[in-house]
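Read off the chains here:
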Amino acid sequence: MIKSAKQILRKPFSSQMSYRLFRAISVGLITGLIVSIFRWIIDHTMQFLYFIYPKMVAQPLWLVPYVILMIIISLVLGKITKPYLSEVIGSGVPQVEAVYLGENKMPWWPILWRKFVGGLLAICPGLMLGREGPCIEMGAMIGQGLAEKTFKLDSEQSTELLECGVAAGLSAAFSAPMAGAMFLVEEISFSFRPKKVVAVLAASFSADFMTILFFGNRPCLYLPVRGYFPIYAYWTLPLIGILLGLLAYVYQYVLLSLKPWFSKIKKIPAAYHSIIPFLLIIPIGLWNAQLLGGSHVLITDLFNHKADMQLLLGPWSLVLIPIILFGVRFVFSMLSYGSSVPGGIFMPILVLGALLGMICANAMIKTHIIPSMYFVHVLVISMAAYFGAIEKAPFTAIMLLTEMVGTVQQTLPLIIVTFVSYYVLDLLGGKPIYEALRLQMNYKKINS
C-alpha cells in the first residue's frame with residue numbers, strides 16, 4: 001500500500017523549528033551587536049595610531065609618555081586576564097573546541113567581559129593580532145550564557161547555542177555568514193546535520209545583519225577583482241601552492257614553539273608577558289604605523305601598492321619590499337600571540353598570505369608570466385591558500401575570501417592553490433592549527 005502525503009508529512013505548525021530559530025537568532029543578534037562595537041572601537045583606535053606615531057616621529061619627547069602608557073596597559077591587561085589566564089589568552093578557539101569535546105568548562109560571563117576588554121587592550125595599541133578569535137569566543141560565551149540563564153536548556157541544546165555563537169562570532173568579525181557556518185563544521189563540530197546547520201545559519205546571518213547596520217553592506221575586504229586568471233598561467237598555480245604549503249608548515253611549527261619559548265621567561269609572570277611586544281612594537285610603528293594591528297588596512301595598501309615603497313632596493317624592489325614586510329609581520333605576529341594576551345590569528349595569517357601573494361605576483365609580472373592587471377588575483381588566491389593550509393580548513397578559506405573580497409570569479413584558482421598547499425602541509429605532518437593548540441594545552445576529558 002502506497003502511503004499518502006498526509007501519512008508522510010507532519011501536521012502543519014507542529015514543527016519545533018520556530019523556537020529553535022528564535023534562540024539562534026537571539027544569539028546572532030546579541031553577538032553581532034557586541035562584535036560590532038568591538039570592531040568599531042578597534043577601527044577608530046587604529047586611526048588614532050596612524051595619527052600619533054607620525055607625531056612621535058616629529059617630536060620624540062612624546063615617546064616618554066607613550067612608553068609609560070604601554071606599561072600601564074600591560075599591567076591592567078595582566079590584572080584582567082590573570083584569574084582566567086588559560087581561558088582568555090590567544091584566539092579562544094582551542095578553548096571553545098575543548099568545551100565542545102567535553103574537555104573544558106568556562107564560566108560565560110567572566111570570560112565574555114574579560115575577552116572583550118582584554119582583546120581591546122591587546123589589539124588597540126597595535127599588537128599584530130586578529131579580532132576574529134576574541135569574536136568567536138565571545139560569541140560562544142553569549143550562546144552558553146543564553147542557554148544557561150535565559151532559555152534553561154539541556155546539554156545538547158546548550159551545545160547547539162554554543163555552536164551558533166561560534167558561527168555568529170566569525171560571521172560578525174568578517175561580515176561573512178557562510179564562512180562562519182563553514183568554520184564551525186570544519187573546525188569545531190566536524191559534522192553536518194541539516195537541522196543544526198539551519199540554526200547556525202540563522203545565527204550567522206542575524207549577526208551579519210547587525211554588522212551591516214554598523215558598517216554598511218560593502219564587503220569587509222573589498223578588492224576589485226576583475227576578469228579571470230589567465231588559463232595560460234595556470235601552470236604557476238601548483239608552484240604557488242607548494243610554496244605556501246611549505247611556509248604554512250613553518251608558521252605552524254613556530255606558533256607551536258611559542259609556549260615553550262615564553263615559559264622560559266621566569267622573571268616576568270606569564271600574565272604580564274605582554275610588556276615585551278608592547279615595547280618592541282613601538283619602533284615598528286615609528287617606521288610604518290600601517291604595519292600595526294590585524295590589519296586589513298595593510299592588505300588594502302598592498303593592493304594599492306602603497307606599502308612603504310620609499311625603500312630603494314633596485315629593480316626588484318617590488319619583490320624585496322614584501323619579503324621584508326613579511327619577515328617583520330611574521331616575527332611580530334608570533335611575538336604578539338605568544339605573549340599571553342587575547343587575540344586571534346585569522347587576520348594576521350591573511351596579511352601574511354597577502355604579502356606572499358604580492359611576492360609571487362610581482363615576480364610573475366617582472367618575468368612577464370602575467371600582466372600587472374592580474375596582481376590582485378594572485379593576492380587573493382594566496383590569502384585563501386595560506387589560510388586554508390594553516391587552518392586545514394579549505395572550504396572555510398575559499399568561502400571566507402569569496403565573501404570578504406566580494407567576488408566568485410576566482411573559485412577554480414582558489415581551489416587549486418588551496419588544495420595543493422593543504423596537501424603539502426599534510427605531507428609534512430601539519431595539523432589543523434586550532435586542534436594542535438588545543439592538544440598543546442593538554443586538556444583531559446571531564447567526567448560527567
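In this text, all values refer to a predicted model and were calculated from it rather than measured experimentally. (Residues numbered from 1 in each chain as written. Predicted model: local features only at pLDDT ≥ 70, side-chain atom pairs only at ≥ 80, totals over all residues. Heavy atoms only, no water.)

K.L.:
Help me understand the domain arrangement of the chain, please; the structure alone is not making it clear to me.
P.N.:
How big an interface is tends to be stated in terms of accessible area lost as the parts join. Under the domain assignment used here, the chain contains domain 1 (17-215) and domain 2 (231-441). Listed as interface residues are 58 residues of domain 1 and, on the opposing side, 53 residues of domain 2. When the two sides are added together, the surface that domain 1 and domain 2 hide from each other amounts to roughly 4,600 Å², 71% of it contributed by carbon and sulfur. Remark: the boundary between domain 1 and domain 2 carries two salt bridges. (Domains from an automatic or database assignment. Contact = heavy atoms within 4.5 Å. Buried area = accessible area lost by both parts, 1.4 Å probe. Salt bridge = Lys/Arg side-chain N within 4 Å of Asp/Glu carboxyl O.)

K.L.:
When you look at helix H5 (residues 93-100) in this model, what are you seeing that I'm missing?
P.N.:
In an α-helix, one turn spans 3.6 residues, which is why side chains three or four residues apart end up on the same side. A large share of H5 lies buried, amounting to seven of its eight residues. Taken as a whole, H5 has its buried residues at Val93, Pro94, Gln95, Val96, Glu97, Ala98 and Val99. Tucked into the core, H5 has its buried residues touching helix H4 (85-88), helix H7 (132-150), helix H8 (155-174), helix H9 (177-189) and helix H19 (433-440). Downstream of H5 by a residue or two, glycine 102 has a phi angle that is positive, lying close to 75°. (Buried < 20%, exposed > 50% of the residue type's maximum accessible area, 1.4 Å probe, protein only. Helix = DSSP H or I, 4+ residues; strand = E, 2+ residues; numbered from the N terminus.)

K.L.:
Just to check I follow, could you spell out the nonpolar core for this structure?
P.N.:
A general tendency of soluble globular proteins is for nonpolar side chains to be buried together. Tyr53, Phe174, Tyr251, Leu350 and Tyr386 are the most contacted members of the largest nonpolar core, which has 136 residues in total. If you tally residues by element for this core, the top one is helix H15 (residues 346-366), at 14 residues. Here this core gathers at least three residues from each of two domains, domain 1 (17-215) and domain 2 (231-441). Non-local contacts of tyrosine 53, meaning those with residues more than four positions away in its chain, are made with Tyr66, Ile281, Ile282, Gly285, Leu286, Ala289 and Leu292. (Core = buried A, V, L, I, M, F, W, Y, C linked by side-chain atoms within 4.5 Å.)

K.L.:
Honestly, the pattern of salt bridges in this entry has me stumped. Any pointers?
P.N.:
Opposite charge on two side chains lets them pair, provided their charged atoms get close. Across all of its chains, the model carries six salt bridges by this definition. Across the salt bridge formed by glutamate 103 and arginine 438, the nearest N and O atoms sit 3.2 Å from each other. Residue glutamate 103 is found in the loop between H5 and helix H6 (108-123), and its partner arginine 438 is found in helix H19; the two are separated by 335 residues along the sequence. Side by side, glutamate 103 and arginine 438 carry an identical accessibility label, which is buried. Ionic pairing is found between aspartate 426 and lysine 392, a salt bridge with its closest N-O pair at 2.6 Å. With a gap of 34 residues between them, aspartate 426 in helix H18 (residues 411-428) and lysine 392 in the loop between helix H16 (375-391) and helix H17 (394-405) connect regions that are remote in the sequence. Note on aspartate 426: relative accessible area 40%, which makes it partly exposed. Since its relative accessible area comes to 11%, lysine 392 is described here as buried. Connected through salt bridges with shared partners, the residues Glu97, Glu103 and Arg438 form a single ionic network.

K.L.:
Just checking my understanding: could you explain the packing of aromatic side chains for this structure?
P.N.:
Aromatic ring pairs are described here by two measures, namely the spacing of the ring centres and the angle between the planes. Tallied over the entire structure, the rule returns 19 aromatic pairs. Plain terms: the ring middles of phenylalanine 174 and phenylalanine 346 are 6.0 Å apart, the flat faces sit at 25° to each other, and that makes the pair stacked. Residue phenylalanine 174 is found in helix H8, and its partner phenylalanine 346 is found in helix H15; the two are separated by 172 residues along the sequence. You'll find phenylalanine 174 and phenylalanine 346 in the same group, each marked buried. Ring pairs connect the aromatic residues Phe174, Phe183, Phe346, Phe387 and Tyr434, which therefore count as one cluster. Across the ring face of tyrosine 19, the terminal group of arginine 23 is positioned such that the distance to the ring centre comes to 4.8 Å. (Phe/Tyr/Trp six-rings, centres within 6.5 Å; stacked < 30°, edge-to-face > 60°. Lys NZ or Arg CZ within 6 Å of the ring centre and 35° of its normal.)

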